[in-house]
Amino acid sequence: MVEAGEMSEMFTDCQAVFFDLSGVLYEGEDVFPGALGAVQAALDQDKTVRFVTNTATRSADDILKKLQRLGFPAEADMLFTAPMAARAYVAERNLRPLCIVHPAIEGCFDGLATEDNPDCVILGDAREGLHYESLNRAFRLCMEGAPLIGIGRNKYFSSDGQLMLDAGAFIHALEWAAGVEAVIMGKPGQAFFEQIVASTEFEAAQCLMIGDDVQGDVVGAVNAGLQGCLVRTGKYRPEDEAELPQEAKVIDSIADLS
């Protein structure tokens, strides 16, 4: 495990830096101290920068506008969201998804989603939409052979300083009940990390993922061949460090990179 004193070496060893958003760069509307400087430092060192999030309750356009409003030098091609990846996955396979997702991202699946005769399930952080009727319909489809596509696999997230149950628990329940394995389009899914790496000109080992979720951000990235760094902000809990791969980094906050 690499501590903050070795941060300059960590930045030297990568060519692309992937920043998680909530809990790393900002919390709500509050930018973490040093966050703007950290992103700018990466750009000043000619690193390829990507903004990476599993957020499934806001559209990609809203997320991009928020980043820009908060002062981050973000462009559309720098943003990778789990819903965008899920749409690409089903579109490439000509699937007709039953979407159990938050109303804010329903538009992401326009032209694909169907209430009649779906042949796959997309499940994300649908909040009140995650109820027995919707989950039972998803269960029946999975039992009939429909693939289950998860938008991320996070256990929980941080909102206004409180931990909130995320969609990963419901994805796990459907996997267990229906005896299926979900395709995860979002962190920690390998296919999601591969998609982001492919947007750069570098190999996975040259890319660094920085996040506050030990499993979704760091372990997932390392398993996909990337470098990983855990920040002690956002959803971070002290016990998370016991789960870190030996080669992973850990810093107190994003300010350590500014």
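Figured I'd write up the structure that's included with this text. (Residues numbered from 1 in each chain as written. Predicted model: local features only at pLDDT ≥ 70, side-chain atom pairs only at ≥ 80, totals over all residues. Heavy atoms only, no water.)

Ranked by internal contacts, the top residues of the largest apolar core, which has 31 residues, are Phe18, Val90, Ile149, Ile151 and Leu226. If you list the elements that add at least two residues to this core, you get β1 (16–20), α4 (82–92), β7 (120–123), α7 (190–198) and β12 (207–211). With residues up to four places along the chain from it excluded, the contact list for Phe18 reads Arg50, Val52, Ile196, Val197, Thr200, Cys207, Leu208, Met209, Ile210 and Leu226. Residues Val24, Ala38, Leu64 and Met78 belong to the second largest nonpolar core, which totals 28 residues. (Core = buried A, V, L, I, M, F, W, Y, C linked by side-chain atoms within 4.5 Å. Buried < 20%, exposed > 50% of the residue type's maximum accessible area, 1.4 Å probe, protein only. Helix = DSSP H or I, 4+ residues; strand = E, 2+ residues; numbered from the N terminus. Contact = heavy atoms within 4.5 Å.)

As a further point, take the side chain of Lys66. As for its placement among the helices and strands, Lys66 is situated in helix α3 (residues 60–69). In terms of polar contacts, Lys66 uses its side chain to reach the backbone carbonyl oxygen of Gly28, at 2.6 Å. Setting aside its immediate chain neighbours within four residues, Lys66 contacts Tyr26, Gly28, Glu29 and Arg58. (Polar contact = N/O pair within 3.5 Å; in protein donor to acceptor, adjacent residues only side chain to side chain.)

With an omega of 5°, the peptide bond running from Lys187 to Pro188 counts as cis. Here Pro188 shows up in the loop between β11 (183–184) and α7. You will see that Asn94, though not glycine, has its phi angle at about 55°, which is positive. Residue Asn117 is not a glycine yet carries a positive backbone phi of 55°. Inspection of the secondary structure assignment puts Asn117 in the loop between β6 (97–100) and β7. Under the relative-accessibility criterion, Asn117 is labelled exposed at 56%.

For the structure on display, the rule yields three aromatic pairs. Linked through ring pairs, Phe19, Phe51 and Phe72 together constitute an aromatic cluster. Arg93 extends its terminal NZ or CZ atom over the ring of Tyr89, reaching a point 3.7 Å from the ring centre. (Phe/Tyr/Trp six-rings, centres within 6.5 Å; stacked < 30°, edge-to-face > 60°. Lys NZ or Arg CZ within 6 Å of the ring centre and 35° of its normal.)

It is worth spelling out the sheet that holds strand β13 (residues 227–231) at this point. What the six strands build is an open sheet, ordered β5-β4-β1-β12-β13-β14; its pairing is parallel. The two strands at the open ends of the sheet, each matched to only one other strand, are β5 (79–81) and β14 (249–251). When strand polarity is set aside, the average angle formed by the axes of neighbouring strands in this sheet is 25°. Note: β13 against β14, three bridges, orientation parallel. Looking across to β14, one finds that Cys229 is bridged to Lys249. Against the sheet, α4 touches β4 (48–53) and β5, its axis set at about 70° to β5. (Pairing = 2+ DSSP bridges. Axes fitted to C-alpha atoms, helices over the stretch in contact; angles between N-to-C directions.)

Turning our attention to the sheet that holds strand β8 (residues 148–150). Taken in spatial order, the four strands of this open sheet run β6-β7-β8-β11, and their pairing is parallel. Sheet topology places β6 and β11 at the edges, where each strand pairs with a single neighbour.

Our focus in this paragraph is the pattern of salt bridges. For the structure on display, the rule yields 13 salt bridges. Lys187 is the salt-bridge partner of Asp217, the closest N and O atoms lying 2.7 Å from each other. Linking Asp217 in helix α8 (residues 214–223) with Lys187 in the loop between β11 and α7, this pair joins segments that are 30 residues apart in sequence. Across the pair Asp252 and Arg232 runs a salt bridge whose closest N-O atoms are separated by 2.7 Å. Separated by 20 residues along the polypeptide, Asp252 in the segment after β14 and Arg232 in the loop between β13 and β14 bring together distant segments of the chain. Looking at Asp252, the relative accessible area reads 45%, which means it is partly exposed. If you follow the salt bridges from partner to partner, you end up with Asp20, Lys187 and Asp217 in one network. (Salt bridge = Lys/Arg side-chain N within 4 Å of Asp/Glu carboxyl O.)

Coordinates in, geometry out; function isn't part of it.
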